[in-house]
Amino acid sequence: MNNGGETSEKEKVAGVFFSLMLTAGLMAGCGGNEQSSGSTGGSGGGGGDVIKIGANLELSGGVASYGQSIAEGVELAFDEINKEGINGKKLKLVKVDNKSEAAEATNGAIKLISQDKVVAIVGSATSTNTLAQVQIANDNKVPVITPSGTNPTITTKDGKVNDFIFRTCFIDPFQGTVAAKFALDDLKVKSAAILIDSASDYSKGLAASFKETFTAGGGKIVAEEAYVAKDTDFRATLTNIKAANPEFLFLPGYYEEVGLIVKQARELGLNVPIMGGDGWDSPKLIEIAGKDALNNTYITNHYSSGDPDPKIQEFVKAFEAKYNKAPDAFNALGYDTAYFLADAIKRAGSADPVKIKDALAQTKDLQLVTGIFTINENHDPIKSAVILEYKDGQQQFKTKVNP
């Protein structure tokens, strides 16, 4: 998904400097061995009877719910894959906790590549923490796959593809477009307000594509407001929005703030449909907002456990047997990322990171839980999205939207 774990400008500058210094040290440390860092990672991570795969995830901190869910999905997939193995080898997961911070994601990538010798990295969950690994991955020729980092610049920037970076999720503009079409075509609204997290590229990206599609379809934006992450009182802003009399509120953000915003909106009598993206998808949202407040709210998401598709129901059954709970979208994305990677390793016939990267890029029509999966020229998947509705604290499958 997501561009969570935003930092201050000082922290960002420090993180970039720290990243460059550590990357330089890593490259220097590997230089005396007459192999590229990618080759070193490949021989270490794929030697013997195991293939080491890194997981650089938010296992603690502000968006820990996302990282923990991805890890559960990956671990279930590895259990299944290792029953037969890949090319005579088993997958071994090496996890690091980036604590929902970009600098820690940088540290984690360096550790996984230089010390653990992994051949690929799963993660991070958020766009910010994934972007913190991009240069390291490209420099050291080790593929990174984000299950849920939706910011377009993760895989491409200034028209150039990041060779070793992939994702399992759709990108931000697709979510905003789908939400706008749903508001216009299904809910039949003509006016909307937009409320964004001013520090989040994820939130701003969804809002921009929503606004463009909504207005192009004849809708009118009657209010645009912003909040700051970690705020807890949104009543003044919501009062302004209510005064504009919108028929619909688009709220692309993360579950911690979204839960409070939805709760306070309902308390103020703002009872219009409210919609967001995959950043809402956490069990904690229901705890924060309350199930009644979430009635008449919707999200774009990567999959629904209520989708009758047999492959999805098979996954749901296996997940519930292992964890005794229903899987959310981040569980499904982690699971699919593991199978996406395993399929590439099998087709590559090797644990060499460069060969794995090439196989990832050639993926076509792979049947996964979150859709039929083909990688385009930008290393983004072409796949479907679903619309979910909250009813009495439960997500209900509404419809599926094809690209």
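The structure displayed is predicted, hence computed values, not measured ones.

Rules used in this analysis
Throughout this document, residue positions are counted from 1 along each chain, in the order its sequence is written. Where local features are concerned, this predicted model is filtered to residues with pLDDT of at least 70; where side-chain atom pairs are given and counted, the filter is 80 or more; whole-chain, interface and lining totals use all residues. The basis for the side-chain values is all heavy atoms of the structure; hydrogens and waters are excluded. A run of H or I in DSSP counts as a helix once it spans at least four residues, and a run of E counts as a strand once it spans at least two, with each numbered from the N terminus. We call two residues in contact when some of their heavy atoms are within 4.5 Å. In this description, accessible areas are obtained by the Shrake-Rupley approach with a 1.4 Å probe, and a residue is regarded as covered only by the protein chains that are shown. Confidence of the predictor in every single residue is expressed as pLDDT, which spans 0 to 100. At least two DSSP bridges between two strands are needed for those strands to be called paired. Viewed with both strands pointing away, a crossover whose connecting path from the first strand over the helix to the second turns clockwise is right-handed. Salt bridge, as used here, is a side-chain nitrogen of Lys or Arg placed within 4 Å of a carboxyl oxygen of Asp or Glu. Remark: exposure states derive from per-residue accessible area (1.4 Å probe, protein chains only) relative to the maximum for the residue type, with buried under 20%, exposed over 50%, and partly exposed in between. Buried Ala, Val, Leu, Ile, Met, Phe, Trp, Tyr and Cys residues that are joined via side-chain atoms within 4.5 Å together make up what is termed a nonpolar core. The term polar contact refers here to a pair of N or O atoms within 3.5 Å; inside protein, the definition further demands a hydrogen-donor-capable atom paired with an acceptor-capable atom, and it admits residues adjacent in sequence only when both atoms are side-chain atoms. Any two rings among Phe, Tyr and Trp, with Trp reduced to its six-membered ring, count as a pair given centres within 6.5 Å; such a pair is stacked if its planes are under 30 degrees apart, edge-to-face if over 60, and tilted if neither. Criterion for a charge above a ring: Arg CZ or Lys NZ at most 6 Å from the ring centre, at most 35 degrees from the ring normal. Here an angle of 0 to 180 degrees is reported between the N-to-C directions of two axes, which are lines fitted to C-alpha atoms, with helices fitted over the stretch in contact.

Colleague: Any chance you could explain the overall build of the chain here in plain terms?
Modeller: Helices and strands together make up the secondary structure of the chain, namely 14 helices and 17 strands. Within the chain, contacts between residues separated by at least 24 positions form 71% of all contacts whose residues are at least 6 apart in sequence. Just so you have it, the chain exposes about 15,900 Å², and 50% of that area is on carbon and sulfur atoms.

Colleague: I would appreciate a short explanation of the confidence of the model for the chain in the present structure.
Modeller: Low pLDDT marks stretches whose predicted atomic positions should not be read closely. Summarising the model, the chain shows a mean pLDDT of 89, and 88% of its residues fall at 70 or more. Counting interchain partners and residues more than four positions distant, the pLDDT-below-50 stretch residues 3-43 has 56 contacts.

Colleague: Can you walk me through the pairing of strand β9 (residues 220-227) in this structure?
Modeller: A regular strand places its side chains so that they alternate between the two faces of the sheet. With 7 bridges joining them, strand β8 (residues 191-197) and β9 adopt parallel strand pairing. Bridged to I194 within β9 is E224. With helix α8 (residues 201-216) bridging β8 and the parallel β9, this β-α-β connection has right-handed handedness.

Colleague: What is the right way to look at the environment of V354 in this model?
Modeller: Inspection of the secondary structure puts V354 in helix α14 (residues 353-361). For V354 and V142, which are 212 residues apart along the polypeptide, the C-alpha to C-alpha distance reads 7.0 Å. Sequence-distant contacts of V354, that is, excluding residues within four places in its chain, are made with K141 and F164.

Colleague: How should I be thinking about the pattern of salt bridges in this particular structure?
Modeller: As a working rule, side chains carrying opposite charge can pair if their charged atoms are close by. Within the structure shown, the criterion is met by 13 salt bridges. One salt bridge connects R347 with D343, and the closest N-O pair in it is separated by 2.9 Å. Residue R347 and its partner D343 are located together in helix α13 (residues 329-348), separated by 4 residues, close to a single helical turn. On the basis of relative accessibility, which here comes to 22%, the residue D343 falls in the partly exposed class. Residues joined by salt bridges that share partners form a network here, namely D233, R235 and E267.

Colleague: Explanation requested: the pairing of β8 in the structure shown.
Modeller: β8 sits mainly inside the fold: 7 of its 7 residues count as buried. The alternating pattern of β8 places S191, A193, L195 and D197 on one face and A192, I194 and I196 on the opposite face, and all of these are buried. Note: β8 against strand β10 (residues 249-250), 2 bridges, orientation parallel. Each residue of the ladder has a partner; that of I194, found in β10, is F250.

Colleague: How should the nonpolar core be read in this particular structure?
Modeller: Counting 96 residues, the largest nonpolar core has I53, F210 and W280 as the members making the most contacts within it. Per element, the largest residue contribution to this core is 10 residues, and it comes from α13. Ignoring any residue separated from it by four or fewer positions in sequence, one finds F210 in contact with G176, A179, A180, A192, I194, I221, F248 and F250. Counting residues in each nonpolar core, the second largest holds 15 residues, with V94, V96, I113 and A137 among its members.

Colleague: Explanation requested: the side chain of T370 in the structure shown.
Modeller: Looking at the element boundaries, T370 is found in the loop between β13 (366-368) and β14 (371-375). Engagement of the side chain of T370 in a polar contact is seen with the side chain of D336, the distance being 2.6 Å.

Colleague: How should I be thinking about the packing of aromatic side chains in this particular structure?
Modeller: Each aromatic ring pair is described using two quantities: the centre-to-centre distance and the angle formed by the ring planes. Counted under the stated rule, the structure contains 16 aromatic pairs. Arranged with centres 5.4 Å apart and planes meeting at 70 degrees, the rings of F170 and F174 form a pair that is edge-to-face. Each member of the pair, F170 as well as F174, carries the same accessibility label: buried. Aromatic side chains Y227 and F234 sit 5.4 Å apart centroid to centroid with 85 degrees between the ring planes, which places their arrangement in the edge-to-face category. Exposure remark for Y227: the relative accessible area of 3% places this residue in the buried category. The class for F234 is buried, based on a relative accessible area of 3%. Ring pairs connect the aromatic residues Y303, F315, F319, Y323, Y335 and Y339, which therefore count as one cluster. When the ring centre of F164 is taken as reference, the NZ or CZ atom of K357 above it lies at 5.1 Å.

Colleague: Even after reading the chapter, I still don't get the sheet that holds strand β1 (residues 50-57), so can you show me in this structure?
Modeller: Each strand in a sheet pairs with another by means of backbone hydrogen bonds, the pair being arranged parallel or else antiparallel. If you walk across this open sheet you meet the 5 strands as β2-β1-β3-β4-β7, and the pairing is parallel. Both outer strands of the open sheet, β2 (90-97) and β7 (165-167), are each paired with one neighbouring strand and no more. Going from strand to strand, the sheet's axes swing by 25 degrees on average, the running direction of each strand aside. In this fold helix α4 (residues 102-114) packs onto β1, β2 and β3 (120-122), with an angle of close to 170 degrees to the strand it touches most, β1.

Colleague: Quick question: what am I supposed to make of unusual backbone geometry here?
Modeller: Residues apart from glycine generally show negative phi values, whereas peptide bonds are mostly found in trans. At the junction of G123 and S124, the peptide bond is cis and its omega measures out at 10 degrees in the coordinates. With respect to the helices and strands, the residue S124 is situated in the loop between β3 and α5 (127-131). Within the chain, S100 stands out as a residue other than glycine whose phi angle is a positive 65 degrees. With respect to the element layout, S100 can be found in the loop between β2 and α4. Phi angles above zero are rare outside glycine, and K117 is one such case at about 60 degrees. Summarising the element assignment, K117 is placed in the loop between α4 and β3.

Colleague: Help me out: how do you make sense of the sheet that holds strand β12 (residues 297-301) in this one?
Modeller: Here 7 strands make up an open sheet; going across it, the order is β9-β8-β10-β11-β12-β16-β17 and the pairing mixed. Edge positions in the sheet fall to β9 and β17 (394-401), since each has one partner strand and no second. Where strand β16 (residues 385-391) and β17 come together, 7 bridges link them in antiparallel fashion. Across the sheet, E389 pairs through a bridge with Q396, a residue of β17. Contacts from helix α10 (residues 255-267) reach β8, β9, β11 (274-276) and β12, with the element oriented near 170 degrees to β11.

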